[in-house]
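Summary of structural features
Spelled out from the first residue to the last, the chains are:
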Amino acid sequence: MKIAEILNEEKPGISCELFPPKQGSQLDNVKEVVREMALLAPSYMSITYGATGGTSEYTVDIANEIQNGNHVPALAHLTCVSSTREKVHSVIEQLKAAKIKNILALRGDIPKDADFPLPNQYKYASELIYDIKSQGDFCIGGACYPEGHPEADTIEDDLCHLKEKVEAGCDFLTTQMFFDNNVYYNFMYKILKKDIRVPVVAGIMPVTNSRQIKQIISLSGSMVPPRFRAIVDRFADDPAAMRQAGIAYATEQIIDLIANGVNHVHIYTMNKPGVAGAIFDNLSEIYVRK
C-alpha cells in the first residue's frame, strides 16, 4: 500500500521509524525489533539509510522484512549525498524486486572534508526525487524542517527549496522532530502560503534519557522548550523516571496534534519497541489499531 493512500485516511495513523544495524551480526536483533514493532500495528514503518555503506546495505533487507515478512507497509529511506547515481539506481531496482513502493528521498548530511557533489552525484534532494519518479511507480516522501534546515540562510530560502522538492514529485513530507507543537502549527501556515499542499506527517521523538537532548540539539537544532527542559533537569539522574516522563511528554504532544486535526504522526523510536508500545498503550482509545 502506498503511504499517500494511508495519509488520505481521516482516522488517526501512527507510524514508526527504525534504523539498521551497524554490523551484519546484529541484523537478526533488528529483525526481532521489527517483529515486536509490527505487533503494535503501526500504519507503516520506515527504515533509515546509512550514507556511506555499512547500514545502507541492510535497508532493503529490513524493508523487505517489514513489508513482506510482517505485512506492514514499508517506507525505505534513500540518501544520496555519498552515493553515485549508479548506486542509487541499483538500490531502486532492489526495492522494485521486493515490491517496496514507498521511498523517503533525502540528500543527507554532507561528510566533512568531502568533495561534493562529484559529477555523478546528486546535489539536492529534489534531483533525487525527480530521478526516482522517472524510474517507477513509487510514492515518494521528503523531509521538512519546521524550525528551518540548519544549512539554510533563512526560513524563506528553506521553504523555497521545500517547494522545489514537492514540484519534483514529492507526495508527502515528514517533519524533523520538534518538542513544541506550536512550531508545527506555525510551519503549516508558512507552507500553505507557499502553496505546498501535500500531507505533512508530524515527527515526534520520545526522549527517554538525558543524553539524547544534547545529541538532538547538536544534530537537528531543535528548540527545547522550557517546559520540557524542566522535565530533563528534574529527572535526568533517575533513568526510570526520565523514561516515564519522556513517554508522557511525547504522548501529550501526539494527543494535542490529533485533537487539532493532525491525524498522522511518525515516532522516531530509536529501535525501542517498549517505548513505542507504551505510547501506543497510552493512546489505546485514540489510535484504533488494525
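Calculation rules
Residues numbered from 1 in each chain as written. Predicted model: local features only at pLDDT ≥ 70, side-chain atom pairs only at ≥ 80, totals over all residues. Heavy atoms only, no water. Phe/Tyr/Trp six-rings, centres within 6.5 Å; stacked < 30°, edge-to-face > 60°. Helix = DSSP H or I, 4+ residues; strand = E, 2+ residues; numbered from the N terminus. Buried < 20%, exposed > 50% of the residue type's maximum accessible area, 1.4 Å probe, protein only. Lys NZ or Arg CZ within 6 Å of the ring centre and 35° of its normal. Core = buried A, V, L, I, M, F, W, Y, C linked by side-chain atoms within 4.5 Å. Contact = heavy atoms within 4.5 Å. Salt bridge = Lys/Arg side-chain N within 4 Å of Asp/Glu carboxyl O. Pairing = 2+ DSSP bridges. Right-handed = clockwise from strand over helix to strand, strands pointing away.

Summed over all chains, the structure comprises five aromatic pairs. Their ring planes at 50 degrees and their centres at 4.6 Å tell us that F228 and Y249 sit as a pair that is tilted. Of this pair, F228 sits in helix α9 (residues 226-235) while Y249 sits in helix α10 (residues 239-259); the two residues are 21 residues apart in sequence, bridging distant segments of the chain. The pair formed by F228 and Y249 is uniform in burial state, with each residue classed as buried. Every member of this aromatic cluster is reached through a ring pair, and the members are F178, Y184 and Y185. The side chain of R85 reaches across the aromatic face of Y122, ending 4.2 Å from its centre.

Inspection of the secondary structure puts D28 in helix α2 (residues 27-38). Separated by 217 residues in sequence, D28 and A245 have C-alpha atoms that sit 31 Å apart.

What follows deals with the nonpolar core. Formed by 69 residues in total, the largest nonpolar core has its most connected members in I66, L78, I132, L173 and L257. Per-element tally for this core: the top contributor is α2, with six residues. Sequence-distant contacts of I132, that is, excluding residues within four places in its chain, are made with L78, I92, I103, A105, F138 and I140. Judged by nonpolar contacts, the second largest core, of 13 residues, contains F228, I231, M242 and A245.

Attention now moves to the environment of E17. Residue placement: E17 occurs in strand β1 (residues 13-18). Once the C-alpha coordinates of E17 and M45 are considered, the two residues, 28 residues apart in sequence, prove to be 5.7 Å apart. Ignoring any residue separated from it by four or fewer positions in sequence, one finds E17 in contact with S46, T48, H77, H266, I267, Y268, T269 and M270.

The subject of this paragraph is the pattern of salt bridges. Tallied over the full model, the rule gives twelve salt bridges. The salt bridge involving R35 is made with E32; its shortest N-O contact spans 3.1 Å. Note that R35 and E32 are positioned in helix α2 at a spacing of three residues, about one turn of the helix. Judged by its relative accessible area of 34%, R35 is partly exposed. Overall, E32 belongs to the partly exposed group, its relative accessible area being 36%. The shortest N-O distance in the salt bridge between D195 and R197 comes to 2.6 Å. Residue class for R197 comes out exposed when judged on its relative accessible area of 61%.

A few words on the pairing of strand β7 (residues 200-204). For β7, a buried count of five out of five residues is recorded, marking the element as mostly surrounded by other parts of the structure. Side chains V200, A202 and I204 of β7 all project onto a buried face; the interleaved residues V201 and G203 project onto the opposite face, where all are buried too. The pairing of strand β6 (residues 172-175) with β7 spans two bridges and is parallel. Counted as the bridge partner of T174 is V201 from β7. A crossover links β6 with its parallel partner β7, the connecting element being helix α7 (residues 181-193), and its sense is right-handed.

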